[in-house]
Every structure is written in structure tokens, then in C-alpha cells.
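Now for the letters of each chain:
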Amino acid sequence: FIINYKESLGLKLKDEIISEKLEDAEKTLEQMESMGIENPMLNIEKVSFCIKKQDFDSAQRYIDELMDEYEDNVNVLTMQGDIFYLTGEYAKAYQFFKYASESVPEALYPAFSMGLSLIGMENYKEAKHMLFENSKKVIINDDDDAASYMKSDIDAEVVTYSIRNN
């Protein structure tokens with residue numbers, strides 16, 4: 001199949017962000033902006049890029065723009081939760097992960113993130129239930145997003161320690 005140049009830049013950007021080639025991603029973003037490429041998916045990638053760079057103020061600005069039009073989108077809700085989680089606002093993060101989970105119940109990432117937010121809020125009993133229930137679903141469903149999230153972003157030792165010792 002044929003992908004046009006603009007789409008290939010979008011795929012390249014996504015790959016660079018995932019593989020944490022942030023300097024390359026920044027150049028690709030600049031190239032896309034200079035070409036006038038704007039769409040919601042690009043803004044979602046900009047949020048991902050800013051989160052990876054730990055530039056949460058910029059990530060929040062992009063999310064605010066997306067929220068105006070896509071307030072029920074599971075990706076937008078989840079990314080808002082990510083920003084709150086990474087800035088230590090666990091109760092707010094929990095709420096956005098909950099909204100995302102309610103909008104797409106089969107999405108495992110928001111459910112796991114709710115569990116992590118509960119750990120941040122020191123609600124270990126509920127966190128334990130939520131994390132272990134959803135880990136069973138990952139094993140059964142082999143959901144790529146949730147599995148990669150568990151491998152890359154969750155410090156399993158910290159989660160296990162927090163749950164077992166509280």
C-alpha cells in the first residue's frame with residue numbers, strides 16, 4: 001500500500017517518540033509544522049513528545065487544545081491523566097483515568113493507571129485489587145498496549161513492594 005509523505009512523517013514521529021529518539025522527534029515535529037501539517041493525531045503526538053521530555057506545561061497546553069474538541073476521546077483523557085500522574089496530582093489523574101476507562105471499558109491502560117494513581121494516593125487495598133484484576137486480563141488478552149506499558153513504564157518492584165507492604 002502507498003502512504004503519502006505527510007502520513008509517513010506522522011508514522012516516523014510516532015516511532016521516534018516511542019523509541020525515545022527525542023532530538024529526531026523534535027526535528028520531525030518542526031518539519032511537519034513548517035509544512036503546515038496539523039491534525040488531532042499530530043497534537044496527540046505532541047503531547048506524547050512533551051511528556052517524554054517531561055515538559056508538562058507544554059503537554060498541558062496541547063491537551064487543553066484537544067479537550068476543547070475531543071473531551072470524550074480515550075487517548076486525550078488518558079494523556080490528561082498521565083500529566084496529572086507524572087506531576088504528582090494522583091486524585092486528578094485517577095479521575096481522568098476513570099473517565100477514559102468508562103468511555104472504553106476494554107482499554108487496559110487507563111485501568112492500570114487508575115491502580116497506580118491509587119498507590120500514589122496510598123489507597124493500597126483498592127490499588128491491589130485493580131492492578132491484579134487487570135493483570136489477569138493482560139495475560140488472557142495479550143493486549144500489546146497494556147503489556148508494553150507494564151514492561152516499560154511500571155516499575156514492577158515498586159508496585160509489588162507498595163502493595164505487599166501496605
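How each quantity is defined
- Residues numbered from 1 in each chain as written.
- Predicted model: local features only at pLDDT ≥ 70, side-chain atom pairs only at ≥ 80, totals over all residues.
- Heavy atoms only, no water.
- pLDDT = per-residue confidence, 0-100.
- Helix = DSSP H or I, 4+ residues; strand = E, 2+ residues; numbered from the N terminus.
- Contact = heavy atoms within 4.5 Å.
- Phe/Tyr/Trp six-rings, centres within 6.5 Å; stacked < 30°, edge-to-face > 60°.
- Buried < 20%, exposed > 50% of the residue type's maximum accessible area, 1.4 Å probe, protein only.

A. Region of the structure containing the confidence of the model for the protein. Looking at the protein as a whole, its pLDDT mean stands at 77, while 75% of the residues score no less than 70. Here helix α9 (residues 144–152) stands out as the least confident element of the protein, with mean pLDDT 42; helix α6 (residues 90–103) is the most confident, with 94. Counted against residues more than four places away or in other chains, residues 138–158, with its pLDDT under 50, gives 20 contacts.

B. Representation of the environment of Met41. With respect to the helices and strands, Met41 occurs in helix α3 (residues 40–52). Sequence-wise, Met41 and Lys14 are 27 residues apart; in three dimensions their C-alpha atoms are separated by 9.9 Å.

C. Representation of the packing of aromatic side chains in the model. All chains considered together, the criterion is met by 3 aromatic pairs. Between Phe84 and Phe96, the aromatic rings sit 5.6 Å apart at their centres with planes inclined by 40°, giving tilted as the arrangement. Note that Phe84 is positioned in helix α5 (residues 74–86) and Phe96 in helix α6, a separation of 12 residues in sequence. You'll find Phe84 and Phe96 in the same group, each marked buried. With a centroid separation of 5.6 Å and 80° between ring planes, the pair formed by Phe96 and Tyr99 is classed as edge-to-face. In this pair, Phe96 and Tyr99 both sit in helix α6, 3 residues apart, roughly one turn of the helix. Here the aromatic residues Phe84, Phe96 and Tyr99 are joined through ring pairs into a cluster of three or more.

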